[in-house]
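# Structural overview for review
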Amino acid sequence: MIENPRADELVDAVAKWIDSIRPSLPPRDAFLARVAANVLSVVKREILLGPQADAAAVERLSQLLGMSGDVKTLNALLCERLRSGDMNAETPGLLAALKANITDQIAIDQPHYSATGS
Amino acid sequence: MEVDISEGLQALAPKLGFATVAEVQRLSAGASMETWAFVAEGPQGRREMILRRRPGPFDEEAARSTSLATEAALITAAQAAGAPVAPLVWLCQPEDGLGEAHITVRIAGETLGRKIVTDPRFEAIRPELAGQCGRILAQIHSIPPGTIPLKSADAIGELDRYETLYRSFGTERPILELAFQHLRKHAPEPMPEVLLHGDFRNGNLIINETDGVAAVLDWELSHLGDPAEDLSWLCVNSWRFGVSSKPVGGFGDYQDLLDGYAAASGIEIPLSRVRYWQALGSLKWGVMCLLMYSSYASGVTTSVERPMIGRRVSETEIDLVNLLEAGL
């Protein structure tokens, strides 16, 4: 893969351009342009943080389930165990693993979301 | 059928007790509901009003939400019960040519949740709001359902409904899965049903510096159910607008809300019941975010908003994990 410009730089460039034209847009389009810029910031964070978050989730879920696989497979397996009642909120390590995984996901989706005290 | 709103309102002015209408402007661009602001003028002066209308057809039997005629009845009943509302001026009739619609007084104040929790001009009133919300909910819950046609929903019914929706998306989200199982197992003993607002949260309240809550808006999700459902929806972290340290709407504390409710209703609702329904609220909001994303994924809508809201599911998941960690 080429080194420069990186995908996150390209995405960033588009987001900056959208921000630059926002003030000239009618209200509805200005709102949607802000949403579009936010979309690109999610994409950028996923490019930068996604691989590491995925790898960490695989490690946590493999340990919890005693199985190996990719994130999709392990998530599906965990859902099956929760549905069947084999695992529940009292299962040792379950909530800690879920919390670590979702914390990584929030860092991509909404890094400023405040969840303390929820 | 395209309706000329200005023309329709002009023709309606005498029935509203005014000579003319002016300054007609569209406020929201919602797909299912339109909101218009206008000013009615006559010898007695001018009055700011709001027209709410449904541009498309509506099947009250099948729908989750109420008709605008039912909403009008709820507003009037809530006013009679002492709750602050934007009073009903006119329920449109077929001959008015505006379709399914009603007109209310326009109440001055702020509805943007983010401003309500951060703007310095609300600093003095903010500590009063949680208790006031508790008292207002007690007033709303005291409304005799009487002739208002409303559906019922309890915790298990809500879980069934949202789990069916969730399953239809074919997605695997362990935290939502865990929440469904946990909330099913720990549903509280049912309480006598009351009339609920159904969407009582920061964002649907008009707040001003002197009155605090000046009006409760958006009655279309009203139904009969557990009083804790209304108390808790206001506490769901997604409606705290970044001030998560203030569990009630981002402006207040649980105890003030519950004390206000108990003082006005004589009914003590335990915090644990509110926390249970708060988790159910987060779960419902998570599934709703998935639903909005699915309308994009299936090609029904193309707006960039819809896929983006799909990334708000994770906020409900972190809130659910926190609630489960705390034992709800």
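## Structural notes on the overall build of chain A
- Regarding its fold elements, chain A presents 4 helices and 0 strands.
- Summarising its shape, the C-alpha atoms of chain A cover approximately 55 × 40 × 25 Å along the three principal directions.
- Long-range contacts, defined here as pairs at least 24 residues apart, represent 46% of the contacts in chain A between residues at least 6 apart.
- When the accessible area of chain A is evaluated, it comes to approximately 7000 Å², of which 58% is carbon and sulfur surface.
- Looking at chain A, you have 12 positive and 15 negative side-chain charges, and the mean spots of the two groups are 6 Å apart.

## Things to note about the packing of aromatic side chains
Residues and elements named next belong to chain B.
- With the rule as written, the count across this model stands at 4 aromatic pairs over all chains.
- Seen in terms of ring centroids, tryptophan 239 and tryptophan 285 are 5.0 Å apart; in terms of plane orientation they differ by 50 degrees. Their pairing is tilted. Pair noted here: tryptophan 239 is in the loop between helix 7 (227–233) and helix 8 (254–265) and tryptophan 285 is in helix 9 (residues 271–297), with a separation of 46 residues, a long-range link. Neither tryptophan 239 nor tryptophan 285 differs from the other in exposure class; each is buried.
- Aromatic pair tyrosine 276 and tryptophan 277: ring centres 6.3 Å apart, planes at 85 degrees, arrangement edge-to-face.
- Overall, tyrosine 276 belongs to the buried group, its relative accessible area being 3%.
- Here the aromatic residues Trp233, Trp239 and Trp285 are joined through ring pairs into a cluster of three or more.
- Cation over ring: arginine 54 sits above phenylalanine 58, and NZ or CZ is 3.6 Å from the ring centre.
- A cation sits over an aromatic face here: arginine 201 above tryptophan 239, 4.0 Å from the ring centre.

## Things to note about the pattern of salt bridges
- Evaluation of the coordinates by the stated rule reveals 36 salt bridges over all chains.
- Between Lys99(A) and Glu325(B) there is a salt bridge, with its nearest N and O atoms 3.0 Å apart. Of this pair, Lys99(A) sits in helix 4 (residues 94–109) while Glu325(B) is found in helix 11 (residues 313–325), placing the two residues in two different chains.
- On the basis of relative accessibility, which here comes to 26%, the residue Lys99(A) falls in the partly exposed class.
- The class for Glu325(B) is partly exposed, based on a relative accessible area of 42%.
- Here the salt bridges do not stand alone but share partners, grouping Arg83(A), Asp160(B), Glu163(B), Arg167(B), Glu172(B), Glu177(B) and Arg184(B) into one network.

## Observations regarding a nonpolar patch on the surface
- A surface patch of nonpolar side chains, amounting to about 290 Å² of accessible area, comprises Val43(A), Ile47(A), Leu48(A) and Leu49(A).
- Locating Leu49(A) in the fold gives a position in helix 2 (residues 27–65).

## Things to note about the side chain of Asp119(B)
- Secondary-structure assignment places Asp119(B) in the loop between helix 3 (113–118) and helix 4 (126–141).
- With a relative accessible area of 19%, Asp119(B) lands in the buried category.

## Things to note about unusual backbone geometry
- Residue Asn4(A) is joined to Pro5(A) through a cis peptide bond whose omega torsion reads -10 degrees.
- By the secondary structure assignment, Pro5(A) is in the segment before helix 1 (7–21).
- In this structure, Glu23(B) takes a positive phi of about 55 degrees despite not being glycine.
- Relative to the helices and strands, Glu23(B) is located in strand 1 (residues 20–28).
- In this structure, Leu328(B) takes a positive phi of about 65 degrees despite not being glycine.
- In this structure, Leu328(B) sits in the segment after helix 11.
- When its relative accessible area of 18% is taken as the criterion, Leu328(B) is described as buried.

Conventions used here
- Residues numbered from 1 in each chain as written.
- Chains lettered and ligands numbered in written order.
- Predicted model: local features only at pLDDT ≥ 70, side-chain atom pairs only at ≥ 80, totals over all residues.
- Heavy atoms only, no water.
- Helix = DSSP H or I, 4+ residues; strand = E, 2+ residues; numbered from the N terminus.
- Contact = heavy atoms within 4.5 Å.
- Areas by Shrake-Rupley, 256 points an atom, 1.4 Å probe, with all protein chains shown as cover.
- Lys, Arg positive; Asp, Glu negative; His and termini not counted.
- Charge placed at Lys NZ, Arg CZ, Asp CG, Glu CD.
- Phe/Tyr/Trp six-rings, centres within 6.5 Å; stacked < 30°, edge-to-face > 60°.
- Buried < 20%, exposed > 50% of the residue type's maximum accessible area, 1.4 Å probe, protein only.
- Lys NZ or Arg CZ within 6 Å of the ring centre and 35° of its normal.
- Salt bridge = Lys/Arg side-chain N within 4 Å of Asp/Glu carboxyl O.
- Patch = residues over 30% accessible without salt bridge, like charges linked within 9 Å, V, L, I, M, F, W, Y side chains within 5 Å.

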